Structure formats: structure tokens, C-alpha cells
Amino acid sequence: MLVKNKIFISKIFISKTFISKIIVLLIILISIISFSEVYSSNRYTKVDDLSKVDNTLSLENYSLALENDYFEIYTNGKDIRIRNKKSGYIWGNPDNLRGLNKIWSNIASSVVGIEYFDDKSLSYISGIDTKEEIIKNGIKWEAFSEELGFKFNIYLYLKSDHIEFYLPQDSIVEEKDYKLGSVYIMPFLGAVNEDEIPGYLFLPDGAGALIRFSKEKNYSNWFEKRVYGKDYGIENLAYANNLNVNRPNDFLKEEPIIHVPVYGIVHGINQNAFFGVINSGAEYSSIVAYPSGALSGYNWAAVKFIYRQKYLQPTSRSGNGVQIAQKDRNKFDANISLYFLTDENANYVGMAKKYRELIFKTKIKKDIKENIPLALEVVLNDIEKKLLGFSNLKVSSLEFLNSLSELNIDNKYILIDGWQKGGAHGNKIKQNKVYDEILDYTKNNKNIFFVNNVTKVNDLQINKRQEAGINLSQYPIYEDRDNKQLWYYRTYYTNIKLANKYLSEKFELLNKNGINNFAIKYFGNKLYGNLHVDEKIFRDEAKNLIINTIEKYSNNNIFFYSPNDYLWKYTKGFLDIPMNNSQYIYETDTVPFLQIVLSGYIEYFTPYMNVGFFSRLDVLKTIDFGAYPSFIITEIDNYLLRNTVLADYPSTKYDDWKDTIINIYNEINSALSPFIGYSLINRTVLADGVVKNTYNNGKSIIINYTSKDYAYNNVLISAESWKIINEGANNYENEN
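Residues numbered from 1 in each chain as written. Predicted model: local features only at pLDDT ≥ 70, side-chain atom pairs only at ≥ 80, totals over all residues. Heavy atoms only, no water.

Q: Tell me what's going on with the overall build of the protein chain, and back it up with residues and numbers.
A: On a plain count of helices and strands, the protein chain comes out with 12 helices and 46 strands. Radius of gyration (C-alpha) of the protein chain: 27 Å, near the 27 Å computed for a compact globule of 736 residues. Across its three principal directions, the C-alpha atoms of the protein chain cover 75 × 75 × 55 Å. Looking at the protein chain as a whole, 57% of its 736 residues qualify as buried. Accessible surface, the protein chain: about 30,700 Å² in total, of which carbon and sulfur atoms supply 48%. Each charge class in the protein chain was averaged separately, 84 positive and 86 negative side chains, and the resulting centres sit 5 Å apart. (Helix = DSSP H or I, 4+ residues; strand = E, 2+ residues; numbered from the N terminus. Rg over C-alpha atoms; globule rule 2.2 N^0.38 Å. Buried < 20%, exposed > 50% of the residue type's maximum accessible area, 1.4 Å probe, protein only. Areas by Shrake-Rupley, 256 points an atom, 1.4 Å probe, with all protein chains shown as cover. Lys, Arg positive; Asp, Glu negative; His and termini not counted. Charge placed at Lys NZ, Arg CZ, Asp CG, Glu CD.)

Q: For unusual backbone geometry, give the residues involved together with the corresponding values.
A: If you check the backbone angles, Asn137 has positive phi at about 60° while not being a glycine. Structurally, the position occupied by Asn137 is in the loop between β7 (129-135) and β8 (138-145). What makes Asn137 partly exposed here is its relative accessible area of 48%. Unlike most non-glycine residues, Asn714 shows phi in positive territory, near 65°. In this fold, Asn714 is placed in the loop between β43 (710-712) and β44 (715-717). Residue classification places Asn714 among the exposed positions, given a relative accessible area of 82%.

Q: Residue-level account of the environment of Lys159, with values.
A: Turning to its location among the elements, Lys159 is positioned in the loop between β9 (150-158) and β10 (163-167). Under the relative-accessibility criterion, Lys159 is labelled partly exposed at 32%. Separated by 302 residues in sequence, Lys159 and Gln461 have C-alpha atoms that sit 51 Å apart.

Q: An account of the sheet that holds strand β30 (residues 478-480) is needed here, citing residue identities and associated values.
A: Across the sheet, three strands lie side by side as β29-β31-β30; this open sheet has antiparallel pairing. The sheet is open, and its two borders are formed by β29 (456-457) and β30, each paired with just one other strand. (Pairing = 2+ DSSP bridges.)

Q: Provide a residue-level description of the layout of surface pockets, including the pertinent values.
A: In this model, the second largest pocket occupies a volume close to 730 Å³. The wall of the second largest pocket is formed by 33 residues, among which Asp367, Phe449, Asn517, Asn557 and Lys572 lie closest to the centre. The set of elements that each furnish at least two residues to the lining of the second largest pocket consists of β28 (448-452) and β35 (557-561). Top element by residues in the lining of the second largest pocket is β28. It accounts for three residues. When its residues are assigned to classes, the lining of the second largest pocket shows 11 nonpolar, 13 polar and nine charged. (1 Å grid on protein atoms, 1.4 Å probe; cavity = no way out; pocket = protein on both sides within 12 Å on 5 of 7 lines; lining within 4 Å. Points joined across faces, edges and corners; volume = space filled by probe spheres on them. Nonpolar A, V, L, I, M, F, W, Y, C, P; charged D, E, K, R; others polar.)

Q: How would you explain the nonpolar core if you had to name every residue and give the values?
A: Core analysis: the largest hydrophobic core is formed by 212 residues, its most contacted members being Phe152, Ile163, Phe165, Leu415, Ile550 and Phe593. Per element, the largest residue contribution to this core is eight residues, and it comes from helix α12 (residues 654-672). Setting aside its immediate chain neighbours within four residues, Phe152 contacts Val112, Ile114, Ile128, Trp141, Glu142, Ala143, Leu167, Ser171, Ile172 and Val183. (Core = buried A, V, L, I, M, F, W, Y, C linked by side-chain atoms within 4.5 Å. Contact = heavy atoms within 4.5 Å.)

Q: Tell me about the environment of Pro94, and please be specific about residues and values.
A: Structurally, the position occupied by Pro94 is in the loop between β4 (90-92) and α3 (102-108). A relative accessible area of 13% places Pro94 in the buried class. A C-alpha to C-alpha distance of 15 Å links Pro94 and Tyr74, two positions 20 residues apart in sequence. Excluding its chain neighbours within four sequence positions, the residues that come into contact with Pro94 are Leu57, Ala108, Phe188, Ala191 and Tyr298.

Q: Let's hear about the sheet that holds strand β1 (residues 63-67): which residues, and what values?
A: Pairing is antiparallel in the open sheet, where four strands are placed in the order β1-β2-β3-β4. Of all strands in the sheet, those bounded by a partner on one side alone are β1 and β4. For this sheet, the mean inter-axis angle between neighbouring strands, taken without regard to orientation, is 30°. Strand direction decides the pairing type here: strand β2 (residues 71-75) and strand β3 (residues 80-84), joined by five bridges, are antiparallel. Counterpart to Thr75 in the pairing with β3 is Ile80. (Axes fitted to C-alpha atoms, helices over the stretch in contact; angles between N-to-C directions.)

Now the structure itself:
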């Protein structure tokens with residue numbers, strides 16, 4: 001009854017235009033209230049403890065095995081120590097292990113740990129014996145367990161400026177009934193007991209997250225997320241005895257995922273750090289982190305390479321089944337590089353700069369304009385539910401697109417959705433029918449982008465039996481939202497081969513009609529295979545399919561919604577960039593790792609700011625993270641959308657938001673236009689709620705989130721405001 005009452009009340013609130021306008025005004029009024037206590041939460045970044053850190057590890061009982069200009073590698077036959085020659089700092093597994101049982105003590109003092117399944121598909125974690133051999137420029141460990149029947153090789157290679165671990169798939173042997181589940185390589189490297197030293201774990205969760213070293217707390221869970229998001233061919237299947245904490249999935253904004261295959265650990269901010277980058281096997285890996293108290297008193301993070309998972313094997317047509325481990329092992333070579341950072345680069349900013357250097361080997365060519373861009377997504381048509389059947393609802397007209405010129409914003413991208421027959425959520429994904437008047441209108445407009453989605457769709461858009469992807473249980477891949485009262489609470493994932501085919505056909509159709517601007521949803525961040533028994537496409541193959549399709553049409557201007565890093569090379573704009581992490585209780589800070597990597601190379605845009613991201617602090621955070629504003633708008637009132645999928649959105653009518661769009665854009669433009677085309681190279685939290693960002697044009701900007709004025713070098717930055725600083729010229733300008 002409570003659920004029904006909530007639905008009834010919501011319908012009352014959106015049933016009248018003037019009431020919806022009042023709600024919008026109230027929301028905007030609330031958004032300008034000072035939220036001075038919020039900036040100390042884990043949605044923001046805290047002040048660093050810069051206390052000096054000394055070596056906690058020694059080289060006693062270790063002998064020198066490898067050396068180059070950067071590193072010395074020492075070994076004791078089972079474990080290694082790495083000495084950074086520049087700083088003299090020693091990295092390794094912790095000494096004098098405390099609070100760990102025999103199994104975890106064995107893992108924590110070794111180069112490898114494993115998870116495995118028995119013949120009943122019960123999972124276990126274990127250490128494994130190793131036999132060491134020094135080879136040219138490296139070390140080889142033969143890992144083996146006579147009891148379990150496992151053998152595989154792990155190699156360490158000493159490179160010029162980093163070290164590399166490698167586990168070739170063809171070295172894996174399984175001689176008994178046990179099945180290898182996953183492998184951790186050097187999981188306790190850099191582990192810290194409680195808060196013995198200042199520092200943190202860095203995780204690429206959403207925008208970026210820190211777990212600062214702290215006293216042991218009673219955490220019921222740890223961090224574990226798949227790189228590039230869930231593998232829906234397996235992971236949307238229910239797990240027996242799964243104790244992981246999951247948030248409800250009825251939010252408009254999906255839970256943040258991991259877009260980049262990296263992690264890091266800092267020992268002493270601006271002193272010592274290492275940064276891990278997965279070179280091979282990222283599609284089959286997770287980033288794992290245990291804060292102090294989740295397993296033991298140790299804070300540690302590592303990469304988990306996944307060779308098998310459990311899945312539901314059906315035993316009846318009703319969908320009942322048993323959880324069993326994958327029969328076949330995922331086939332990939334595991335390879336990870338560790339970069340050791342010192343001094344001013346020994347922090348999450350230094351890690352972001354290192355990754356930017358690795359992924360953007362050459363400068364991406366783009367037009368540099370005087371003003372920042374604005375992204376406006378406009379829904380033209382959608383499907384509307386009627387008493388009997390469905391009909392098309394015109395949500396926005398072409399004349400409405402003309403009216404957007406009144407914003408007086410010259411640098412804007414208009415992203416049109418619902419240009420297809422059937423509208424935004426009623427078009428058949430295999431069909432390529434577009435309204436002629438839309439084609440005629442957009443042919444010569446270089447700022448209009450066609451929104452496409454061939455990946456995550458409702459059952460009106462797809463033939464479930466023929467077009468949906470198939471998971472390992474041989475069922476269509478789908479995802480349910482918790483609220484079953486929604487019109488479309490279930491969405492389906494298209495067979496990945498067909499998704500590539502349909503997207504290619506849309507490129508061909510629109511290119512033939514002179515259209516070269518695309519904005520692609522889901523395709524860039526939903527990475528899953530098709531595991532039909534007669535035609536299996538695995539996750540790594542799916543990634544290559546996606547890359548090949550996009551590369552073929554890379555002469556187009558392509559925006560992606562939240563793309564994973566393997567598509568950044570082809571990305572003109574990054575839409576819907578995460579501005580937070582998952583905000584698990586042990587994540588102490590949100591940091592703009594993604595934004596720092598992209599800054600100066602790819603334009604990136606906020607989530608829709610009129611969908612819960614327009615408060616005063618949100619605007620300041622947009623400036624802090626160097627992001628550009630984005631809105632979703634419609635011509636008609638929201639109460640007219642009540643029988644469409646767009647009913648999810650609380651307020652999209654352009655007339656209600658026009659002034660707010662102009663005001664937000666003008667402020668962000670004033671703050672960020674001096675930094676267009678430049679990269680963020682340093683970020684410092686000067687005090688709680690006060691951040692200083694420095695770009696490679698010599699200018700900085702200070703953002704004051706707090707409700708009090710802040711003095712920097714005798715210059716005042718007003719409460720909840722910002723100021724641009726050119727310190728070389730001692731010039732302070734453009735305060736808001």
C-alpha cells in the first residue's frame with residue numbers, strides 16, 4: 001500500500017503545469033542554500049597529512065637479484081623487495097604480520113595468492129608454493145600446489161622505468177578436479193597496518209576514490225569491482241550466499257564503474273607511491289581493496305585476475321538451478337606494470353599524469369575556442385503508452401531547436417534523441433528509419449549530434465528471442481530495476497555482434513545523408529560477451545569488435561556517454577562523466593582522477609545538471625573538476641511525459657530551466673575558459689573545503705566550497721566562490 005501511495009502522490013505532483021513549476025523553483029531555491037557541512041563528506045577531497053615517512057622495511061635476509069638505473073630488486077627465495085634508487089624507499093610485503101590466519105599470512109608474505117573451486121563449486125582462497133629462478137632482466141616463479149594440482153609461471157621483468165609482472169595463460173596446468181578461480185599478484189605489496197603511516201589506497205571508482213589509512217574499523221565488506229563494469233554474460237546472474245552490499249538500482253544515475261584498469265598506493269603524500277596499470281587481461285580483472293578492519297588491520301589493494309566465476313546452471317524450465325563454476329577457463333595473458341612515483345608526483349595527481357602520458361602518446365587534435373562548450377540533449381519524439389497500445393508523442397519540435405539560439409551561447413552541442421521512427425524508447429534497433437524533416441534540418445548544422453543506442457533497450461525495441469545477448473545460463477541477458485511498478489523495469493542487452501552490426505548500419509545511413517555527428521549511449525561502457533552454446537563471443541573478443549567498429553567510422557565526430565578508456569582514442573567528447581565515486585563508507589575522498597587524465601585532451605561533460613546536480617556546491621565541483629555543463633531538455637511540460645519512459649526525469653521543460661542554464665553556463669565559462677586546451681597538473685586541498693588547481697598554462701584557480709571567506713596570500717576568495725590566479729604575474733582575476 002505504501003508503494004501505491006507514493007506513486008499516487010507523484011502523479012498528483014506532476015499533473016499540473018503550475019505545480020511542477022513551483023517544485024522547480026523550490027528546488028532551485030534550496031540549491032542556493034549553503035551546505036557547509038557537505039564538503040567534509042567523502043563526496044569531496046580532504047586535506048593531506050604531509051608528515052614525513054621513513055622506511056619501514058629492511059633488506060636484511062634479502063639478496064640483490066636485479067638492478068638498473070632506477071631500481072634494485074632483492075629476493076629471499078619466496079618474496080621480493082624493491083628499492084627505488086631515486087628516493088631510497090623500499091617497497092615489499094609487510095614484516096611481522098599481525099592478525100592474519102595461516103592462509104592469509106602465507107599469501108601476505110608471497111608473490112601470489114589464488115582462489116579456487118572444488119568439485120562442488122565451493123570457493124576457497126589459498127597461498128601457493130613457488131620456486132624461484134633468476135633469468136635475464138627478470139625473475140621467474142613456478143607456482144605449484146601438489147595437493148590442488150595447479151601449476152603456472154609468473155615472471156617479473158625489470159624495465160627501464162617500471163617493473164612488469166606477467167602470467168602467460170599457456171603456463172597454467174590443472175591436473176586434478178580443482179578449478180583455478182582467480183590469481184592475485186603481489187596482493188600485499190605496500191600494505192600498511194592501520195594508520196602506522198599517513199597515506200592512502202587509490203581506486204579508479206567513478207571519478208576516483210581514496211581510502212586513507214586509518215585505525216581498524218568493523219567494516220562488513222571490502223571493495224571489489226570489475227574493470228570496465230559488470231560482465232553481464234555472467235554477473236547479472238544471482239549468486240548463492242552473496243554477502244556483498246549492493247545499493248538499490250532505482251536511481252536515474254547508474255552506480256559508478258571502473259573505466260580505467262589502474263590502482264595505486266601512497267606511503268607519505270608527496271613522498272612515495274606506486275601506480276599499477278593492467279596491460280593485458282583487464283577485461284577479466286577486478287580491482288580489490290581491503291580497508292583496515294575488513295579482513296585484518298591491514299590496508300591493501302591489488303588486481304584480481306579472474307579465470308572462472310560461478311553462474312546459475314538451470315535445472316528446470318522455471319528458471320531454478322544450481323550455482324556452479326565455469327567449466328572452461330577464461331583465456332588471457334595477465335600482465336601488469338608498476339610505476340614508482342616520488343616527491344610531488346607521489347599522489348593521485350601524479351598517477352593521473354602518468355596514465356595521461358601512457359594513454360595519450362600524441363596530442364589529440366581538436367578545435368580550441370574562446371568559450372567552453374555546453375551540451376544540451378533534446379528529446380524530439382518518444383513512445384507514449386495508451387489505454388490500448390502505444391502512440392508517438394512529439395516531445396520537442398524542430399522550431400524549438402531554432403529557439404535555443406536565444407541562449408546566446410555560440411559554443412554548444414545539441415544532442416538530439418528520438419530522431420528515429422518510434423522515438424527515443426520505441427524505435428526498433430535494427431530499423432533505420434529517420435524522419436525526413438529531421439534529416440533536412442540537420443544536414444548543414446555542425447553542432448547537432450544524433451544520439452544512438454543499440455545496446456541497452458526495452459522489449460519494444462528488440463526481438464528477445466533473436467536479438468538479445470545470451471548469458472552462460474543460456475537465457476537472454478537482461479537487467480531489472482527494483483521498482484516493478486515502473487513501465488519498463490526490465491531492459492535487455494543486445495547480442496554484441498548484432499549491436500555492432502546495427503550501429504554500423506546507422507553510421508552508413510546517416511553518413512549517406514551527410515550526417516557525421518554521433519552521440520552513442522551504453523556501447524562504450526557496457527562490455528559483455530555472447531555465450532550462446534553454438535556461438536560464443538567472449539569479453540575480450542567483444543571489446544575488439546567494439547574497437548574495430550568505431551575505428552572503421554572514426555572519421556566521424558563521435559561523443560560517447562561514459563566510455564571506457566579503450567575508446568578514448570576515438571572520442572571527441574566524454575558525456576556523463578562521473579563526478580563522484582560509489583561513496584562506500586570506507587571511501588574517504590572523491591578525487592577527479594578521470595578528469596585530470598582527460599584534461600587538455602578530451603572535452604568532458606557533467607551528468608545532466610537539471611537531474612539533481614545543480615546546487616551551489618555542484619556548480620563549484622564542476623569548476624573544480626574542470627567539467628563542462630550538460631542538460632537534458634524538452635519543449636513540453638513534464639506532466640505530459642507521465643506515460644513515457646521519460647517520466648523518470650523530474651524536470652526537463654526548457655522554459656523552466658532556461659535562466660538557470662544561462663546562469664550556470666556563464667559562471668562555469670568565466671571560471672574555465674582561461675584553461676581551455678590546457679591540462680591540470682596539480683591539485684591541492686589548502687584547507688577543508690578549499691581547493692587549488694594548477695594548469696600547465698601557469699594559471700591556477702582556487703575553489704572555496706565553504707560558507708566562510710578564505711585568504712590565500714592576502715587575497716580573499718569569497719564564501720562558496722572561486723578565483724583565478726596567475727601567480728607568476730601576481731595577478732588575481734575573475735572572482736565570482
